[in-house]
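Working through the structure, step by step
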Amino acid sequence: MRDFTYCKRVVVKIGTNLLSSPEGVHVEFLTKVARDICVLRQKGLQVIVVTSGAVGMGARELGLNGKVSKINMRQACAAIGQPLLMQSYRSVFGKEGVKIAQLLLTPEVLNNRKSYLTLRDSLETLLSLRVLPIVNENDSVSTSEIGNAFGENDRLSALVASKIDADLLILMTDIDALYDADPRINRNAKPLEIVDELTPEILAAAGSAGSAHSTGGMRTKLDAVKIARRAGCRVVLAHGNNERVLERIIAGESLGTLFLARPRIKNRKRWILYSRPEGFLRIDEGAVRALREHRSLLPKGLSAVEGDFSTGAVVQVNDMAKIISNFSSAELQKLIGLHSSRITEILGKEAPAVIARPEETVFIDERDE
Ligand code: GLU
């Protein structure tokens with residue numbers, strides 16, 4: 001029996017396929033979800049929804065058939081579809097007496113510590129007002145072409161869960177579980193009830209990233225699972241069409257696959273880990289050793305600086321770590337290879353003594369399973 005007794009905050013991700021019907025938003029499905037979410041809220045849980053479906057609804061409104069792949073059209077469709085989606089959410093939740101709020105996010109919002117903290121405040125306020133926050137990507141302003149999009153909402157939902165310290169992420173999807181092999185190819189494939197570790201076998205069974213045969217986008221789901229687990233958040237992947245699926249999951253029923261969490265890493269470190277780096281530092285072997293021994297990063301070990309960033313930016317170091325840099329890129333250029341005693345001589349008395357302290361250094365391999 002699964003135990004979610006101590007769960008307080010749950011992120012529920014709803015996929016496009018579940019939400020869509022030939023008539024637009026699948027109102028019948030959404031009505032059931034709304035009732036289910038209300039039950040969770042009555043049990044005292046805080047619920048945040050991450051919804052997909054904006055692009056699909058927009059395409060339908062424009063009478064487009066098939067997949068919309070041109071980026072400008074996807075953005076236009078998202079702008080058209082998002083209000084339609086929210087209209088449906090408002091209508092079904094209104095019938096349950098629940099007010100809703102819309103939060104549209106971009107990676108920049110989550111990467112920038114100030115806007116991320118503001119977002120967290122807004123979410124806390126909405127939750128304290130008993131309003132249901134509904135999150136989607138702001139697709140009309142973020143594009144994968146210029147490298148600033150989440151891409152899909154599995155990842156977005158895991159980042160949201162991680163950043164707001166959710167205890168549980170429920171991925172409501174059109175697959176009933178993670179299988180130990182691709183069930184479409186292997187008749188003996190078995191659903192996995194609990195996953196404690198994302199072993200190479202499990203990752204292989206989910207198919208390669210972006211492959212047409214990945215088990216219904218299972219690979220992106222497992223990437224999301226990694227992010228959430230690292231934040232100490234459990235994940236349940238289950239078919240959204242199961243009756244009262246959310247209520248039954250919370251009650252401990254063995255629906256879908258449960259992914260257990262790993263020990264929580266501190267929020268600030270997590271923020272560093274999942275921020276997109278604004279620059280790149282190359283450091284020598286001595287400095288690599290120092291970082292591994294949890295010592296500070298000093299200019300002496302620095303051999304190159306790439307990118308244009310300010311003080312406080314998240315910067316990648318070799319392919320091993322991310323740090324918050326105490327110096328801007330221009331300042332670091334002047335410090336390459338120098339002994340620490342020369343920092344104040346070059347940058348003035350107030351200059352920090354190190355590039356980054358161990359508390360502001362996160363190893364990228366910490367993200368891996
Ligand atoms: N943000 C996209 C939308 O609302 C969904 C991306 C996805 O399918 O995960 O259409």
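Here the structure is a predicted model, which means the values were calculated and not measured.

Cut-offs applied
- Residues numbered from 1 in each chain as written.
- Predicted model: local features only at pLDDT ≥ 70, side-chain atom pairs only at ≥ 80, totals over all residues.
- Heavy atoms only, no water.
- Near = heavy atom within 4 Å.
- Polar contact = N/O pair within 3.5 Å; in protein donor to acceptor, adjacent residues only side chain to side chain.
- Areas by Shrake-Rupley, 256 points an atom, 1.4 Å probe, with all protein chains shown as cover.
- Nonpolar A, V, L, I, M, F, W, Y, C, P; charged D, E, K, R; others polar.
- Buried < 20%, exposed > 50% of the residue type's maximum accessible area, 1.4 Å probe, protein only.
- Helix = DSSP H or I, 4+ residues; strand = E, 2+ residues; numbered from the N terminus.
- Contact = heavy atoms within 4.5 Å.
- Pairing = 2+ DSSP bridges.
- pLDDT = per-residue confidence, 0-100.
- Axes fitted to C-alpha atoms, helices over the stretch in contact; angles between N-to-C directions.
- Parallel < 35°, antiparallel > 145°, perpendicular 65-115°, else oblique.

The ligand sits among T16, S52, G53, A54, V55, N136, D139, E152 and N153. At a separation of 2.8 Å, a nitrogen atom of the ligand approaches a polar side-chain atom of D139. Bound to the protein, the ligand loses 85% of the 300 Å² it would expose on its own. Residues belonging to the shell around the ligand are distributed by class as follows: two nonpolar, five polar and two charged.

Take helix α3 (residues 54-61) next. Among the residues of α3, those classed as buried are A54, V55, M57, G58 and A59. On the buried face of α3, the contacting elements are α1 (16-19), β2 (20-21), β3 (24-25), α4 (71-95) and β6 (132-137). Two residues or fewer past α3, G63 is found with a positive phi of approximately 75 degrees.

On to the pairing of strand β11 (residues 279-283), then. Taking every second residue as pointing to the same face, the buried face of β11 carries G279, L281 and I283, while none of F280 and R282 on the other face is buried. Sheet topology note: the β11/strand β13 (residues 314-317) ladder contains three bridges and is parallel. Along β13, the bridge assignment pairs L281 with V317. Of the pairings in the sheet, the one linking β11 to strand β12 (residues 302-306) comprises four bridges and is antiparallel in character. Along β12, the bridge assignment pairs I283 with L302.

Looking now at the confidence of the model for the protein. Low-pLDDT portions of the prediction should not be read for the details of their coordinates. Averaged over every residue, the pLDDT of the protein is 89; the share at 70 or more is 94%. Residue range residues 209-216 is modelled with pLDDT below 50. Its contacts to residues more than four positions away, or to other chains, number 16 contacts.

A word on the packing of α3 against α4. One way to put it is that α3 packs onto α4 with a least axis distance of 6 Å and a crossing angle of 95 degrees. With respect to α4, the element α3 is oriented roughly perpendicular. The segment α3 lies against α4, with A54, V55, M57, G58, A59 and E61 engaging R74, C77, A78, I80, G81, Q82, L84 and L85. Among the residues forming the contact of α3 with α4, the class breakdown is nine nonpolar, three polar and two charged.

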